[in-house]
Amino acid sequence: MTNKWLEQPLYKKWLNMRQRCNNPKSTYYKYYGGRGIRVCDEWSLRGKGYKNFYAWAIENGYKKGLTLDRIDVNGNYEPNNCRWVTMKEQSINKRNTYYVIYNGVKIPLKILADVLGVNYFTLHSRLKKNTIENCSQKELYSTKKVANSGERHITKTKQNHYAVRIKGRWLGTYKTLDEAIKVRDNACDLCVKLYKGE
């Protein structure tokens, strides 16, 4: 390997991956190699390992700013168990991720809180006291940051209509609060389905 490789972000990611798994003196070894996580032979081959990793990375959507994530957090670094994701996405895929079942879908609580527009810790606290199935929609959504309608994501207009806006996207204006709530809840359900990949 020449020094030109050392300047490439992908080479550094490959090197760090190998250090975490192979070097007991690495700060993070106990979380990777110490737990039995290995780098596959294809990416470890002497003289060809980095070239194979580089080819896989480019084929699988590597862009500057993305991180290497193992789909199964207990699995090895290998082509069928790795993907490129943002730091936010990777922060959800951890051994200590808290999952809930929402409308029949197993979903990380962080994603659900984001979809519902509720603070993660607020939602987590509510679910400690109750199961998600036993929480009313009002309990799930209610926060100190409710709009003037008394409902999360719904604002009462000067014309006494109700405007629905989720994550900066305007979803329409409705004559009754019940209609607006139905649209908001359907939009949140759609976000969950998109997470699931439906």
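Residues numbered from 1 in each chain as written. Predicted model: local features only at pLDDT ≥ 70, side-chain atom pairs only at ≥ 80, totals over all residues. Heavy atoms only, no water.

Asks: It is not clear to me how helix 6 (residues 109-116) should be interpreted in this structure. Could you clarify?
Replies: Since there are 3.6 residues in each turn of an α-helix, residues three or four apart along the chain are aligned in direction. Among the eight residues of helix 6, six are classified as buried, and the element is accordingly described as predominantly covered. Burial in helix 6 covers these residues: Leu109, Ile111, Leu112, Ala113, Val115 and Leu116. One or two residues past the end of helix 6 sits Gly117, with phi positive at roughly 75 degrees. (Buried < 20%, exposed > 50% of the residue type's maximum accessible area, 1.4 Å probe, protein only. Helix = DSSP H or I, 4+ residues; strand = E, 2+ residues; numbered from the N terminus.)

Asks: Hey, could you run me through the packing of helix 2 (residues 9-22) against helix 4 (residues 49-59) in this one?
Replies: Helix-helix packing is characterised by the crossing angle of the two axes and by the distance between the axes. Across the interface, helix 2 lies against helix 4 with an axial gap of 10 Å and an inter-helix angle of 120 degrees. Put simply, helix 2 runs oblique to helix 4. Relative to helix 4, helix 2 is oriented so that their crossing is right-handed. In contact with Leu10, Tyr11, Trp14 and Met17 of helix 2, helix 4 contributes Gly49, Tyr50, Phe53, Tyr54, Ala57 and Ile58. (Axes fitted to C-alpha atoms, helices over the stretch in contact; angles between N-to-C directions. Parallel < 35°, antiparallel > 145°, perpendicular 65-115°, else oblique. Left-handed = near helix turned anticlockwise from the far one by under 90°. Contact = heavy atoms within 4.5 Å.)

Asks: Looking at this structure, I do not really get the pattern of salt bridges. What am I missing?
Replies: Once the charged atoms of two side chains with opposite charge are near each other, the side chains can pair. As enumerated under the stated definition, the model contains one salt bridge in all. In this structure, Arg83 engages Asp69 in a salt bridge whose closest nitrogen and oxygen atoms are separated by 2.9 Å. Taken together, the residues Arg83 in strand 2 (residues 82-85) and Asp69 in strand 1 (residues 67-70) connect sequence positions 14 residues apart. Take Arg83: its relative accessible area is 34%, and that puts it in the partly exposed class. Judged by its relative accessible area of 2%, Asp69 falls in the buried class. (Salt bridge = Lys/Arg side-chain N within 4 Å of Asp/Glu carboxyl O.)

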